[in-house]
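Geometric and topological summary
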Amino acid sequence: MNKTIAFLVLCALPALACRGKEAKPSSGFIEFQLSAGVPAAKAIAQGKDTIFLNRVRIVLAELAIAPSLANECEEEEGEDNPPCVEFDEHPVVIDLPLDRPVVHRDTKPAPATSYNLFQAVIHRPTSADTAFLLAHPDFRDASVRAEGVYSRAGKRKPFSFVSDFSEQEEISLEPALVVPAAESLRVTLRVDVGSWFRSADGKQLVDPRTAAPGGPNDHLLRDHIRMSIRAFRDQNGDGEDDDSNP
């Protein structure tokens, strides 16, 4: 090859390498975890009474985390904010882990920025959720199901608690959680089932059979379910808020 031509080709290579490439925004990952409370909540005791939980399931939808710049997951025309990170848009049955601190559900790429809102919908399936109900017929008009045994002063009775509670939850993340570039942020969504079946003052257990829709403790349980949901940074996967336990 002519030396002059070779020199020109070599000088052109950097331009060729850079042509067509644009700087991409830095990104990392969010690892999404689930918890039923700490310690594991198979047995909830108060005085001489105990609730033994065998299984707790809840239907959630629109699970997503919002960047601080947007502060929501509803996109407005003309906005140029980092997108929400979505985990489950459509209704899913979450089988809460009663025998371990957390369970990993998903890992998603995420813009390297701060996030200040976690969104979740407690969803009561209706006839419009055709495919979902074909797969989960026991959740027709039910968003929460819990099975176990209620022991009152030593006398045990099995129960099957069902709720048709339906509500969108927007959980503030304080302080905001940051996804570092090329690194992972672990976020735990905790549904503290140990707080559900307690009296308003927390000094007694509530018979789950009295908390079904229309029952005397129906609205008490709805309030407890609503307040039991939290989201937080949990890098070591112990089911506890890292910012409350540095």
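Scoring rules and cut-offs
- Residues numbered from 1 in each chain as written.
- Predicted model: local features only at pLDDT ≥ 70, side-chain atom pairs only at ≥ 80, totals over all residues.
- Heavy atoms only, no water.
- Helix = DSSP H or I, 4+ residues; strand = E, 2+ residues; numbered from the N terminus.
- Buried < 20%, exposed > 50% of the residue type's maximum accessible area, 1.4 Å probe, protein only.
- Contact = heavy atoms within 4.5 Å.
- Areas by Shrake-Rupley, 256 points an atom, 1.4 Å probe, with all protein chains shown as cover.
- Salt bridge = Lys/Arg side-chain N within 4 Å of Asp/Glu carboxyl O.
- Core = buried A, V, L, I, M, F, W, Y, C linked by side-chain atoms within 4.5 Å.
- Phe/Tyr/Trp six-rings, centres within 6.5 Å; stacked < 30°, edge-to-face > 60°.
- pLDDT = per-residue confidence, 0-100.
- Pairing = 2+ DSSP bridges.
- Axes fitted to C-alpha atoms, helices over the stretch in contact; angles between N-to-C directions.

1. Considering the overall build of the chain
Looking only at helices and strands, the chain features three helices and twelve strands. Expressed as a percentage of the 246 residues in the chain, the buried residues total 41%. If you take every contact in the chain between residues at least 6 apart in sequence, the share linking residues at least 24 apart comes to 75%. By element, 50% of the accessible surface of the chain is carried by carbon and sulfur atoms, the whole surface being about 13,600 Å².

2. Observations concerning the pattern of salt bridges
Pairing between side chains of opposite charge can happen when their charged atoms approach one another. Counted under the stated rule, the structure contains 16 salt bridges. Across the pair Glu-31 and Arg-186 runs a salt bridge, and its minimum N-O distance is 3.4 Å. Taken together, the residues span a long stretch of sequence, with Glu-31 in strand 1 (residues 27-35) and Arg-186 in strand 11 (residues 184-191) at a distance of 155 residues. Arg-186 sits in the partly exposed class, given a relative accessible area of 28%. For Glu-147, the salt bridge identified is with Arg-57, shortest N-O distance 3.9 Å. One end of the pair, Glu-147, is in strand 8 (residues 144-152); the other, Arg-57, is in strand 3 (residues 49-67), and 90 residues separate them in sequence. Arg-57 matches Glu-147 in its accessibility class, with the two residues each being buried. Salt bridges sharing common partners tie together Arg-57, Asp-138, Arg-145 and Glu-147.

3. Considering the nonpolar core
Ile-30, Leu-53, Ile-65, Phe-118, Leu-189, Val-193 and Trp-196 are the most contacted members of the largest nonpolar core, which has 47 residues in total. Tallying contributions element by element places strand 3 first for this core, with seven residues. In this structure, Val-59, Phe-132, Phe-139 and Ala-142 belong to the second largest nonpolar core, which totals five residues.

4. Remarks on the packing of aromatic side chains
With the rule as written, the count across this model stands at six aromatic pairs. Consider the rings of Phe-32 and Phe-118, whose centres lie 5.7 Å apart with planes at 35°: the pair is tilted. With Phe-32 in strand 1 and Phe-118 in strand 7 (residues 114-122), this pair connects stretches of sequence that are 86 residues apart. Each member of the pair Phe-32 and Phe-118 is classed as buried. Among the aromatic side chains, those forming a connected cluster through ring pairs are Phe-159, Phe-161, Trp-196 and Phe-197.

5. Some points on the environment of Ile-225
For Ile-225, the location among the structural elements is in helix 3 (residues 218-227). Note on Ile-225: relative accessible area 0%, which makes it buried. Spatially, the C-alpha atoms of Ile-225 and Ile-122 are 9.6 Å apart, while their sequence positions differ by 103 residues. For Ile-225, the residues in contact, after removing those within four places along its chain, are Ile-122, Val-144, Phe-165 and Trp-196.

6. Comments concerning the confidence of the model for the chain
Mean pLDDT over the chain stands at 88; residues scoring 70 or higher make up 85%. Contacts for the low-pLDDT stretch residues 3-23, under 50 throughout, to residues beyond four places or in other chains number one contact.

7. Points about the sheet that holds strand 12 (residues 229-233)
Strands sit in the order 6-1-11-12 across an open sheet of four strands; the sheet is mixed. Of all strands in the sheet, those with a lone pairing partner are strand 6 (103-111) and strand 12, marking the two edges. With strand direction ignored, the average angle separating the axes of adjacent strands in the sheet is 20°.

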